[in-house]
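What follows is each chain in one-letter form.
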Amino acid sequence: MLQNRFLAVFFILFSIQIQGQEEVTYYKNIVPIFNENCLPCHRSNGYGPFSLDNYDDVAKRAQFVGYVTQQRIMPPWKANPEYTHFADEKILTEAQIKTIQDWIHQGMPKGKKRHAPEAPNFDANSRISGNPDLILKMKEPFLIEGKNEHIFIAYAIPYELEHDTFVKAIEFVPGNRQLVHHNSYQIFAVHPDVDLSQIKDYFVFSTDSVDAIDDEHDFSFFNMYGPKGEKPKEVFHNGWLPGASPQIYPEGTGFYLPKKGVLLMRNFHYSPTPIDEYDQSEFHLYFSEKPVERTIRFAAFKPTGIDYSEDHIIKAGTRDTFEMNIRLGGAVSVLFINPHMHYLGKTFLSYAITPQQDTIPLIDIPDWDFNWQEFYKFKKPVILPKGTIVYAKATFDNTMDNKQNPFFPPQDVYFERGSMTETEEMLRLVFLYLPYRKGDENLKL
Ligand code: HEC
């Protein structure tokens, strides 16, 4: 009797063992995880530094892949999922991480190709599968001179289509991933008589000031005014930061694209390089079959109440905290949120308090990384009634402990004086939003 019971226990343990050791193969178990979570960046010509779309490339880096997935360094995702969840969250489940570990421990068996799901179809250098309807590309490769200086340019890309249309998704594809530091852009409709062949390509900023953008100067420089001085009309405004994903808007939203216009990169910033390099960046636009009824809007917030007449300095060797609170003048449905700081940034927390005193968590970034600045897309629009206060609190580390500190030894860094280089720090919160409309609660992103 006793022996039987012992045998039964033994059997249970044994079968669990067998189950735990079920063979994990590349084609059957790894490919599905990688197709979804790694291939958007890791394939030939992709955003990542090497390809992970075939057995050999994965197997030869298996230890490294096992490490970065277990440590949750890859796929890159900086927002704390215990605070808020987002759509298209790039987070592996515990089970997926374990599958990768098991596969490595079992000696990376290949398995049978027929067990693999179909490979996603990505366009050459896009992170969205499927082909874009329109590519707006810089005319010539731009020479980034190797003078070890920050370079700021304004660059115009004119285009003409057969008819007006609507855009439901847009992706900025940096040509030089190491040097494109950020890009703020607008799309303008121009007067029908504007001669697009007269649109100039670019000019280099004389200053790196955030406030250097001047419509009058830029429109006349680029020859964007109509014959009677008709002003170009902005139809869209957005930005790109390192690591940001393509933006796919919910059905019925996006923006109207006039058949004749100019995409103007207003504040296109390259990091310093000691050797000459080139960049030829491009935008991929995906058209909507249905008219877009609501235009995605852009709003950028920065701290108020700071006395800019005094220089705010994050002293060398210290840590500092800055906060902001913004009162909303109207009700909005927030679709995307984008926190922004430079290299001294460490943590970023934002939430909103409605006039009814409800607290709405927005985003928590416990371990800021300049290279991964996402436009985080909410699962459902976050409705913020009129009078809501949006809070943000960010910490900065200007000590030697901060491995990202651009200065060694650390030096005093200005806070928000107007420059975009690493000699200054910034704190920005960007919303892509729609003015609130009844029923937005039920929109799915
Ligand atoms: C959003 C784009 C993106 C996704 C998705 C992504 N990676 Fe990466 N990966 C990168 C980039 C860019 C780098 C190089 C820069 C860096 O190390 O941050 C990188 C670096 C790596 C490295 C080298 C790390 C190092 O320290 O040099 C490994 C290994 C890696 N990725 C594996 C993966 C795996 C496995 C997945 C999926 C589970 C994945 N990545 C998903 C973009 C991505």
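Position labels on residues start from 1 in each chain and follow its written sequence. In view of the model being predicted, local features appear only for residues whose pLDDT reaches at least 70, and side-chain atom pairs are presented and counted only at 80 or more, with totals across whole chains, interfaces and linings using the full set of residues. For the side-chain quantities, the full set of heavy atoms in the structure was used; hydrogens and water were omitted.

What to know about the pattern of salt bridges
In the sections that follow, a salt bridge refers to a side-chain nitrogen of Lys or Arg positioned within 4 Å of a carboxyl oxygen of Asp or Glu. Going through the model one piece at a time under the given rule, you end up with 16 salt bridges. The partner of glutamate 145 in a salt bridge is lysine 147, with the nearest N and O atoms 3.9 Å apart. Judged by its relative accessible area of 36%, glutamate 145 falls in the partly exposed class. Residue burial is assigned from relative accessible area. The probe radius is 1.4 Å, only protein chains are included, and a residue is buried under 20% of its type maximum, exposed over 50%, and partly exposed in between. When its relative accessible area of 52% is taken as the criterion, lysine 147 is described as exposed. It is possible to trace a salt-bridge network through shared partners that takes in Asp215, Asp218 and Arg266.

Comments concerning the coordination of the iron atom of the ligand
Only N, O and S atoms count as donors, using a 2.8 Å limit from the metal and a wider 3.2 Å limit for Na, K and Ca, and since water is excluded some coordination spheres may look unfilled. Coordination of the iron atom of the ligand by the protein comes from His42 (NE2) and Met74 (SD), over a distance range of 2.0 to 2.3 Å. Each of the 6 donor atoms bound to the iron atom of the ligand contributes to angles spanning 86 to 178°, and the resulting shape is octahedral. Taken together, the positions of histidine 42 in the loop between α2 (26-37) and α3 (55-59) and methionine 74 in the loop between α4 (62-70) and α5 (94-105) put the pair 32 residues apart, joining distant regions of the chain. The class of histidine 42 is buried, set by a relative accessible area of 10%. Its relative accessible area of 26% is what places methionine 74 among the partly exposed residues. Only four donors with every angle between 85 and 135 degrees are called tetrahedral; only four or six donors with opposite donors over 155 degrees apart and all others between 65 and 115 are called square planar or octahedral, in that order; all others are irregular. Secondary structure counts use DSSP, requiring at least four H or I residues in a row for a helix and at least two E residues in a row for a strand, with both numbered from the N terminus.

Here we look at the pairing of strand β21 (residues 389-397)
By definition, two strands form a pair when at least two bridges between them are found by DSSP. Pairing analysis gives 9 bridges linking strand β16 (residues 319-327) to β21, with the strands arranged antiparallel. Each bridged residue has a counterpart across the sheet, and for isoleucine 326 the counterpart in β21 is valine 390. Pairing geometry for strand β18 (residues 345-353) and β21, over 8 bridges, is antiparallel. Counted as the bridge partner of leucine 349 is lysine 393 from β21.

Notes on the pairing of strand β5 (residues 180-189)
Of all 10 residues in β5, 9 are buried, a share of seventy percent or more. Across 7 bridges, β5 lies against strand β7 (residues 233-240) in antiparallel orientation. Bridge pairing links isoleucine 187 to phenylalanine 236 in β7.

Overview of the environment of alanine 156
With respect to the helices and strands, alanine 156 occurs in strand β3 (residues 151-160). Two residues qualify as a contact provided that any one of their heavy atoms is within 4.5 Å of a heavy atom in the partner residue. Ignoring sequence-local partners within four residues, the contact set of alanine 156 consists of Ile199, Lys200, Asp201, Phe222, Val262, Leu263 and Leu264.

Examining the site of the ligand
Not every one of the 19 residues close to the ligand is listed here, only the nearest: Cys38, Cys41, His42, Pro49 and Met74. Histidine 42 has a polar side-chain atom sitting 2.7 Å from a nitrogen atom of the ligand. Looking at the shell around the ligand, the elements that each hand over two or more residues are α2 and α4. Looking at the shell around the ligand element by element, the count peaks at 4 residues for α4. Near residues are defined by distance, with any heavy atom within 4 Å of the molecule or strand qualifying the residue. Two N or O atoms form a polar contact when they lie within 3.5 Å of each other; inside protein one atom must be a possible hydrogen donor and the other a possible acceptor, and for residues adjacent in sequence the pair counts only when both atoms belong to side chains.

Some words on a nonpolar patch on the surface
Residues with no salt bridge and a relative accessible area higher than 30% make up the patches, which join like charges within 9 Å and nonpolar side chains (Val, Leu, Ile, Met, Phe, Trp, Tyr) within 5 Å. Only the protein chains shown count as cover for residues, with accessible areas throughout obtained via the Shrake-Rupley method and a probe of 1.4 Å. A cluster of nonpolar residues, Phe64, Tyr67 and Ile73, forms a patch on the protein surface that exposes about 330 Å² of accessible area. Take phenylalanine 64: it is sitting in helix α4. For phenylalanine 64, a relative accessible area of 51% corresponds to the exposed category.

What about α4?
Three- or four-residue spacings in an α-helix give side chains the same orientation, since the helix completes a turn every 3.6 residues. Every buried residue belonging to α4 is among Ala62, Val65, Gly66, Val68 and Thr69, and all of these are buried. Tucked into the core, α4 has its buried residues touching α2, α3 and α5. Downstream of α4 by one or two residues, arginine 72 has phi in the positive range, about 60°.

Details of the packing of α2 against α5
It is the contact of α2 with α5, at a shortest axis distance of 10 Å, that shows an interaxial angle of 135°. In this view, α2 runs oblique relative to α5, as classed from their interaxial angle. In this structure, α2 crosses over α5, and the sense of that crossing is left-handed. Contact with α2, carried on its side by Tyr26, Asn29, Ile30, Ile33, Phe34 and Asn37, involves Gln96, Thr99, Ile100 and Trp103 of α5 and no other residues of that element. Axis geometry follows a simple rule: fit a line to the C-alpha atoms, using only the stretch in contact for helices, then measure angles between N-to-C directions, giving values from 0 to 180 degrees. What sets the label is the angle itself: under 35 degrees gives roughly parallel, over 145 gives roughly antiparallel, 65 to 115 gives roughly perpendicular, and the rest give oblique. In this scheme the handedness of a crossing depends on how the near helix is turned from the far one: anticlockwise by less than a right angle means left-handed, clockwise means right-handed.

A look at the sheet that holds strand β23 (residues 424-425)
One key point about sheets: their strands pair by backbone hydrogen bonds, in either a parallel or an antiparallel sense. Pairing within the open sheet is mixed, and its 3 strands lie in the order β15-β22-β23. Of all the strands in the sheet, the pair left with one neighbour each is β15 (313-314) and β23. Bridge count for strand β22 (residues 413-415) against β23 is 2 bridges, and the pairing is parallel. Bridging across to β23, tyrosine 414 finds its partner in glutamate 424.

Considering the confidence of the model for the chain
For every residue, the predictor assigns a confidence score, pLDDT, that lies between 0 and 100. Averaged over every residue, the pLDDT of the chain is 90; the share at 70 or more is 91%. The low-confidence segment residues 9-18, where pLDDT is below 50, has 0 contacts with residues more than four positions distant or belonging to other chains.

Description of the environment of alanine 352
Here alanine 352 shows up in strand β18. Sequence separation between alanine 352 and proline 435 is 83 residues; the distance between their C-alpha atoms is 17 Å. With residues near it in sequence (within four places) discarded, alanine 352 still touches Asp358, Thr359, Ile360, Leu362, Leu384, Thr388, Ile389 and Val390.

Some points on the domain arrangement of the chain
An automatic or database domain assignment provides the domain bounds reported here. Its domain assignment divides the chain into domain 1 (20-115), domain 2 (134-294) and domain 3 (299-442). Here the C-alpha centre of domain 3 lies 25 Å away from the C-alpha centre of domain 2. Counting residues at the interface gives 23 residues for domain 2 and 23 residues for domain 3. Here the quantity called buried area is the accessible surface, traced with a 1.4 Å probe, that two parts lose on coming together, added over both. Note on domain 2 versus domain 3: buried area summed over both sides is about 2000 Å², and carbon and sulfur give 58% of it. For the interface between domain 2 and domain 3, the tally reads 2 salt bridges. For the side of domain 2 that touches domain 3, the secondary structure elements donating two or more residues are β5, β7, β8 (247-248) and β10 (260-270). Looking at the side of domain 2 that touches domain 3, its residues break down into 8 nonpolar, 12 polar and 3 charged. Any residue outside Ala, Val, Leu, Ile, Met, Phe, Trp, Tyr, Cys, Pro, Asp, Glu, Lys and Arg is labelled polar, Gly included; the first ten of those are nonpolar and the last four are charged.

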